[in-house]
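As a plain string of letters, each chain reads:
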Amino acid sequence: RECMVGAVAISALKSVTLRFITPTLLRPGNPDLKPKFGLLMRRLRDRIRVVGIVHCGGAPEMDLRGLAAKADDVVYSTAPGSPRGDILSFVGPMRDFIPLLRIGRYLNVGEWCGYGQGWYEIAR
């Protein structure tokens, strides 16, 4: 059975737009206004693993290397965006990343995410 995001099948998604509400701080001390998708996914993957270990008794099973390699194939799109960089569109194969992005809406991503930094919304 195919998973759906709204009326679109996950396997058919070729782009996603994120709106960053607070700075992501993916690299310590450096607010990333336009983070690369690969770096964003690596930090989100790490955050999900840590929360799983600490609060759920173990990390979720993920192909860590394969996921990182696939994330590097997704590129930044200059389509709809904001001059400040708080709205970013990414284009590429999204199938494997939608579940991580959905979870990340609740966990945030990056340094100081436990204090409200790294908060984002999925626009599409």
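The structure this text deals with has already been given above.
In this text, all values refer to a predicted model and were calculated from it rather than measured experimentally.

The rules behind these values
Residues numbered from 1 in each chain as written. Predicted model: local features only at pLDDT ≥ 70, side-chain atom pairs only at ≥ 80, totals over all residues. Heavy atoms only, no water. Salt bridge = Lys/Arg side-chain N within 4 Å of Asp/Glu carboxyl O. Helix = DSSP H or I, 4+ residues; strand = E, 2+ residues; numbered from the N terminus. Buried < 20%, exposed > 50% of the residue type's maximum accessible area, 1.4 Å probe, protein only. Pairing = 2+ DSSP bridges. Axes fitted to C-alpha atoms, helices over the stretch in contact; angles between N-to-C directions. Contact = heavy atoms within 4.5 Å. Core = buried A, V, L, I, M, F, W, Y, C linked by side-chain atoms within 4.5 Å. Phe/Tyr/Trp six-rings, centres within 6.5 Å; stacked < 30°, edge-to-face > 60°.

Before we go on, may I ask you to explain the pattern of salt bridges in this structure?
Opposite charge on two side chains lets them pair, provided their charged atoms get close. Enumeration according to the criterion identifies five salt bridges in this entry. The closest approach of N and O atoms between D72 and R42, which form a salt bridge, is 2.9 Å. On the criterion of sequence distance, the pair formed by D72 in the loop between α2 (64–71) and β4 (75–77) and R42 in helix α1 (residues 37–56) is long-range, its members being 30 residues apart. Since its relative accessible area comes to 24%, R42 is described here as partly exposed. A salt bridge links K70 to D96; its shortest N-O distance comes to 2.7 Å. One end of the pair, K70, is in helix α2; the other, D96, is in the loop between β5 (87–91) and α3 (98–107), with 26 residues separating them in the sequence. Exposure remark for K70: the relative accessible area of 40% places this residue in the partly exposed category.

Explain the sheet that holds β5 to me, please; I cannot follow it from the model alone.
What holds strands together in a sheet is hydrogen bonding between their backbones, with the strands either parallel or antiparallel. Across the sheet, four strands lie side by side as β4-β5-β3-β6; this open sheet has antiparallel pairing. Two strands close off the open sheet at either side, each with one partner strand: β4 and β6 (120–122). Going across the sheet, the axis of each strand differs from the next one's by a mean of 35 degrees, ignoring polarity. Against the sheet, α3 touches β3 (15–20) and β6, its axis set at about 140 degrees to β6.

What am I meant to see in the pairing of β5 here?
Every regular strand shows the same layout, with side chains that alternate between the two sheet faces. Bridging between β3 and β5 involves five bridges; their strand directions are antiparallel. Within β5, the residue paired with V16 across the bridge is F90. Here β4 runs beside β5; their pairing, made up of three bridges, is antiparallel. Counted as the bridge partner of Y76 is F90 from β5.

I tried to follow the nonpolar core on my own but got confused; where do I start?
One broad trend across soluble globular proteins is that nonpolar side chains are buried collectively. Core analysis: the biggest nonpolar cluster contains 24 residues, and L18, F37, M41, L44, F90, M94 and L101 have the highest contact counts within it. If you list the elements that add at least two residues to this core, you get β3, α1, α2, β5 and α3. The element contributing the most residues to this core is α1, with six residues. Residues within four places of M41 in sequence aside, it is in contact with A71, F97, L100 and L101.

Sorry if this is basic, but what is going on with the packing of aromatic side chains here?
How two aromatic rings sit relative to each other is given by the distance of their centres and the angle of their planes. Going through the model one piece at a time under the given rule, you end up with four aromatic pairs. Between F37 and F97, the ring centres sit 5.2 Å apart and the planes meet at 85 degrees, which makes this aromatic pair edge-to-face. Taken together, the residues span a long stretch of sequence, with F37 in helix α1 and F97 in the loop between β5 and α3 at a distance of 60 residues. Given a relative accessible area of 2%, F37 falls into the buried group. Among the residues examined, F97 registers a relative accessible area of 1% and is labelled buried. Aromatic pair Y76 and F90: ring centres 6.4 Å apart, planes at 70 degrees, arrangement edge-to-face. You can see Y76 sitting in strand β4 and its partner F90 sitting in strand β5, a full 14 residues away along the chain. Owing to a relative accessible area of 0%, F90 belongs among the buried residues under this scheme.

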